[in-house]
Each structure stands twice: as structure tokens, then as C-alpha cells.
Amino acid sequence: MNDVPNEVIRIQEVGMRDGLQSAGQFVETADKIRLLNQLSQTGLSKIEVTSFVSPKAVPLLADAENVLNAIERASGVTYSALIPNIRGLERALAVDLDEVNVVMSVSNAHNMANLRMTCEDSLNQFREICANRGSLKVNGTLATAFGCPFVGKVEPSSVLDWAKRYVDVGIDSLTLADTVGTATPHQIFDVCKQVLDAFPRTEVTLHLHNTRGLGIANALAGIDAGVRHLDASIGGIGGCPYAPGATGNVCTEDLVHALIFDGYSCDVDLDALVNIAGQLEDLLSDPLPGLVRHAGSKLTTHPMSDDLRCRLGLPA
Ligand code: COA
Ligand code: ZN
């Protein structure tokens, strides 16, 4: 096996947005603030704090302003919020924020279901958002970039087309999202490679869902293709409320564990993440999907029972 280069991979937390937008219940504002303040201290490079969408569409994030006005910022962390339209930008400009994450789907069917507008209408909104962003950075997310829950296959050529149109309206960075976890590692490698080759000056993030158990394999395939920014969600929560079958993002602590022990550097405090995931689970009614929190790290050992030691003739 080849040596793994000690590459730095940036981990971007989306659980407080992607996860809590579809949680089984409303997480109290004070609890969101407490968890976000702790996440800020773990070494994550970006935190998507919330979204400025219609509170009727996503009632679980209706407290977006209250959360953003109360959290403590840590230096070195980019604070971001998802917006779907100009109204979202107006709200984002009224709080202390570094970046807005505009989102539309490569699949028109999913865009209609999620945002109630065509992809063309979304892009027109984003053109206006980029022109009026002030000092905000704009990240552009292409949802359903690897498959759509309504039409199935999404062609890489469509991803490239929409990525070009995003870049042309003035986004600063691009996210490719596997919204319903249909991607496979070779597909991820292929699409990421094509996008990175076509837009060498654009920072590209992979946003993966673990719906079919391929989240971490897909993350590693993206890294092989040259991606250095990965979204992940604490405890593995997440899922688009307007995408049938959507489940959680790749789990932050599981991803960090995989990367650290595979020789990458993420500069993230794994123990602190595990602790925060435990606090989050106490707030939610369902168990979290993350695995490392239960299994411990790969260096975890277990004492032999006295009975076994006795049967093996080992000293007690
Ligand atoms: N923030 C707050 N309210 C907003 C808003 C925003 N960004 N955009 C629209 N609204 C309000 C309007 O003011 C209007 O309010 P009213 O009924 O009290 O008059 C209402 O929402 C409907 O506005 P309209 O422009 O007709 O929107 P719509 O019903 O066509 O829905 C979206 C479009 C984009 C606003 C809505 O589908 C949405 O917010 N989707 C987000 C879905 C999501 O977050 N998915 C997961 C992340 S990918
Ligand atoms: Zn997502």
C-alpha cells in the first residue's frame, strides 16, 4: 500500500442546519446555542449555523436570527447560513455572518419540490444575491448532484453545466451534494475530478449523506480526486425534508476518526466531538446514527474478564 500523504482535510459542520431542519422535534434555541459554542472550539473550519428559509417550509429552524445573534464566534471558523432566495439574503445581511450558502438542485424536479421554483429561477435569485452580497462570501451548493429521488440518474454533464453557471454568476466556492446518498465511490471520484479539472481556482466541498452506508467511502474517493473540504454532521443527523428517503449526513466524529487514523490531518478534537454528539443525543428522541461514539476509537481496548484470564492460565 502506498504511503498516505499527510494532507490537511477541512471539516465543515452542517448538523445544526441539515440535521436539525429534519429532526424529530424542535431543539430549543438555548440548546442550539450551547452546542454551537462547543462546536466552535473543536477545530472545525466552517459551521453552517442555520438557514434563512421560510419558517413555514422549515419550522425547526425558525429561530435562525436568535441563534446567530447569541453564539460566540471563534477565530478561524467561518460561520455560514443557507439561503434559498433574496429574502434570505436580506435576513443574512442583518446578522453577523461570514458566508451565505445558496442552494439549488441539479434536478429541476427536486428544486421544485424543495424550493418551489425552477432551477432557472433559483439561478436568477443567486445572480441578484451575488450582486448584493456586501462583504458576505457566497458558497453555491448543487443538490442532487449524484442522483435525484424523483428522476433518478443525474448526468455529470449537467453538474458541470450548472457549476459553470454558478461560477459565472459570481459564487466564491462550490459544494457538490449527494442529497439522498445515492453516490458510489467511483462516481464521486469521476464527477469530482471533472469539476476540479474544469474549475481549478474554485474551492470544492463534498456534502455527503450516508443513506446507503457509503458516506465515508465516498469521502475518501472525493479526497483521492483532490477534494479537501468535506461537510459532515455531528452524530450523523441530517436529511432534506423535501427529499423522500433522505437520511443523515456522513457523521462528523466518524469521518474525523476515519481520516485521522488513515493518516490525514484535520486539526479537529475527536474527543470533544464525541462529547457533543452525546449531548445532542440527549436532546433528540431517536438514537444518533454515529458509530465511533459507541465503539470508541480504533485504539480502544477492553480488559479480559477474570474468568477468561483464569481459563487461559493468565495472572489475574
Ligand atoms: N425567509 C423567511 N420567509 C420567507 C423567505 C425566507 N428566505 N422566503 C419566503 N418567505 C416567506 C414569504 O415572505 C411568504 O410569507 P407569507 O406567507 O407570510 O406572506 C412565504 O414565505 C411564501 O413566500 P414565497 O416567495 O411565495 O415562497 P414559496 O412558498 O414559493 O416557497 C421558499 C419558496 C424557497 C421560500 C420555500 O420553499 C423554502 O423556504 N424552502 C426551503 C426548503 C429547505 O430549507 N430545504 C432544505 C435545505 S436544502
Ligand atoms: Zn444535506
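Above: the structure in question.
Residues numbered from 1 in each chain as written. Chains lettered and ligands numbered in written order. Predicted model: local features only at pLDDT ≥ 70, side-chain atom pairs only at ≥ 80, totals over all residues. Heavy atoms only, no water.

(A) How the structure looks around the packing of helix 8 (residues 185-198) against helix 9 (residues 215-225). With their axes 8 Å apart at the nearest point, helix 8 and helix 9 run at an angle of 35° to one another. Taken as a pair, helix 8 and helix 9 cross one another with a handedness that is right-handed. Residues Pro 185, Ile 188, Phe 189, Cys 192, Lys 193 and Leu 196 of helix 8 form the contact with helix 9, whose participating residues are Ala 217, Asn 218, Ala 221, Gly 222, Asp 224 and Ala 225. Counted by class, the contact of helix 8 with helix 9 contains eight nonpolar, two polar and two charged residues. (Axes fitted to C-alpha atoms, helices over the stretch in contact; angles between N-to-C directions. Helix = DSSP H or I, 4+ residues; strand = E, 2+ residues; numbered from the N terminus. Left-handed = near helix turned anticlockwise from the far one by under 90°. Contact = heavy atoms within 4.5 Å. Nonpolar A, V, L, I, M, F, W, Y, C, P; charged D, E, K, R; others polar.)

(B) Quick look at helix 9. The complete set of buried residues in helix 9 reads Gly 215, Asn 218, Ala 219, Ala 221, Gly 222, Ile 223 and Ala 225. Those residues of helix 9 that are buried lie in contact with strand 6 (173-178), helix 8, strand 7 (203-208), strand 8 (229-232) and helix 10 (252-261). (Buried < 20%, exposed > 50% of the residue type's maximum accessible area, 1.4 Å probe, protein only.)

(C) Broad picture of the coordination of the zinc ion (ligand 2). Bound to the zinc ion (ligand 2) on the protein side are Asp 18 (OD), His 207 (NE2) and His 209 (NE2), at distances that span 2.0 to 2.1 Å. All donors of the zinc ion (ligand 2) belong to a single chain; written as a sequence motif, their spacing is D-x188-H-x1-H. Of this pair, Asp 18 sits in helix 1 (residues 15-19) while His 209 sits in the loop between strand 7 and helix 9; the two residues are 191 residues apart in sequence, bridging distant segments of the chain. (Donors = N, O, S within 2.8 Å, 3.2 Å for Na, K, Ca; no water.)

(D) How the structure looks around the nonpolar core. Membership of the largest hydrophobic core comes to 92 residues, with the highest contact counts inside it found for Ile 11, Leu 97, Leu 142 and Leu 176. In this view, Leu 142 contacts Met 104, Val 106, Val 159, Trp 162, Ala 163, Tyr 166, Leu 174, Thr 175, Leu 176 and Ala 177; residues no more than four positions away in its chain are not counted. (Core = buried A, V, L, I, M, F, W, Y, C linked by side-chain atoms within 4.5 Å.)

(E) Highlighting the packing of aromatic side chains. Tallied over the entire structure, the rule returns one aromatic pair. Here the aromatic rings of Phe 126 and Tyr 166 are separated by 5.8 Å at their centres, their planes lie at 50°, and the arrangement is tilted. You can see Phe 126 sitting in helix 6 (residues 119-131) and its partner Tyr 166 sitting in helix 7 (residues 156-169), a full 40 residues away along the chain. Tyr 166 matches Phe 126 in its accessibility class, with the two residues each being buried. (Phe/Tyr/Trp six-rings, centres within 6.5 Å; stacked < 30°, edge-to-face > 60°.)

(F) Expanded view of the site of ligand 1. As a structural note, the neighbourhood of ligand 1 is formed by 18 residues, with Ser 54, Lys 56, Asn 85, Arg 91 and Asn 114 the closest of them. Contact between ligand 1 and Gly 88: a nitrogen atom at 3.3 Å from a main-chain N or O atom of the residue. Against a free-state accessible area of 940 Å², the protein chains account for coverage of 66% of ligand 1. The cavity that encloses ligand 1 is the largest pocket. Of all the secondary structure elements, the ones that give two or more residues to the shell around ligand 1 are helix 4 (86-93) and helix 5 (108-115). Examining the composition of the shell around ligand 1, we find that three residues originate from one element, helix 4, more than from any other. Classifying every residue of the shell around ligand 1 gives eight nonpolar, five polar and five charged. (Near = heavy atom within 4 Å. Polar contact = N/O pair within 3.5 Å; in protein donor to acceptor, adjacent residues only side chain to side chain. Areas by Shrake-Rupley, 256 points an atom, 1.4 Å probe, with all protein chains shown as cover. 1 Å grid on protein atoms, 1.4 Å probe; cavity = no way out; pocket = protein on both sides within 12 Å on 5 of 7 lines; lining within 4 Å. Sits in = over half its atoms within 2 Å of the grid points.)

(G) The side chain of Thr 202, seen in detail. As for its placement among the helices and strands, Thr 202 is situated in the loop between helix 8 and strand 7. Residues within four places of Thr 202 in sequence aside, it is in contact with Val 167, Asp 172, Ser 173 and Leu 174.

(H) A look at empty space enclosed by the protein. Here the structure, examined in full by the defined rule, presents one cavity of 30 Å³ or more. A volume near 70 Å³ is recorded for the largest cavity. Every element with two or more residues in the lining of the largest cavity is listed here: strand 1 (10-13), strand 2 (46-51), strand 4 (99-105) and strand 5 (137-143). It is strand 2 that provides the largest number of residues to the lining of the largest cavity, a total of three residues. Here the lining of the largest cavity is composed, by residue class, of two nonpolar, five polar and five charged. (Points joined across faces, edges and corners; volume = space filled by probe spheres on them.)

(I) Looking closely at the pattern of salt bridges. Evaluation of the coordinates by the stated rule reveals 16 salt bridges. Linking Glu 48 and Arg 17 is a salt bridge whose minimum nitrogen-to-oxygen distance equals 2.4 Å. With Glu 48 in strand 2 and Arg 17 in helix 1, this pair connects stretches of sequence that are 31 residues apart. Glu 48 sits in the buried class, given a relative accessible area of 6%. We classify Arg 17 as buried; its relative accessible area is 7%. Between Arg 165 and Glu 120 there is a salt bridge, and its shortest N-O distance comes to 2.8 Å. Taken together, the residues span a long stretch of sequence, with Arg 165 in helix 7 and Glu 120 in helix 6 at a distance of 45 residues. One connected set of salt bridges, linked through shared partners, spans Arg 17, Asp 18 and Glu 48. (Salt bridge = Lys/Arg side-chain N within 4 Å of Asp/Glu carboxyl O.)

(J) Quick peek at the sheet that holds strand 5. Taking strand neighbours around the barrel as the criterion, the eight strands line up as 1-2-3-4-5-6-7-8 in a closed arrangement whose pairing is parallel. Averaged over all adjacent pairs, the angle separating strand axes in this sheet is 25°, with direction ignored. Relative to strand 3 (residues 78-83), strand 2 runs parallel, the two sharing five bridges. From the neighbouring strand, Ile 47 faces strand 3, where its bridge partner is Tyr 79. Packing of helix 6 onto the sheet brings it into contact with strand 3, strand 4 and strand 5, and relative to strand 4 it is tilted by some 165°. (Pairing = 2+ DSSP bridges.)

Shape descriptors only; they carry no functional weight alone.
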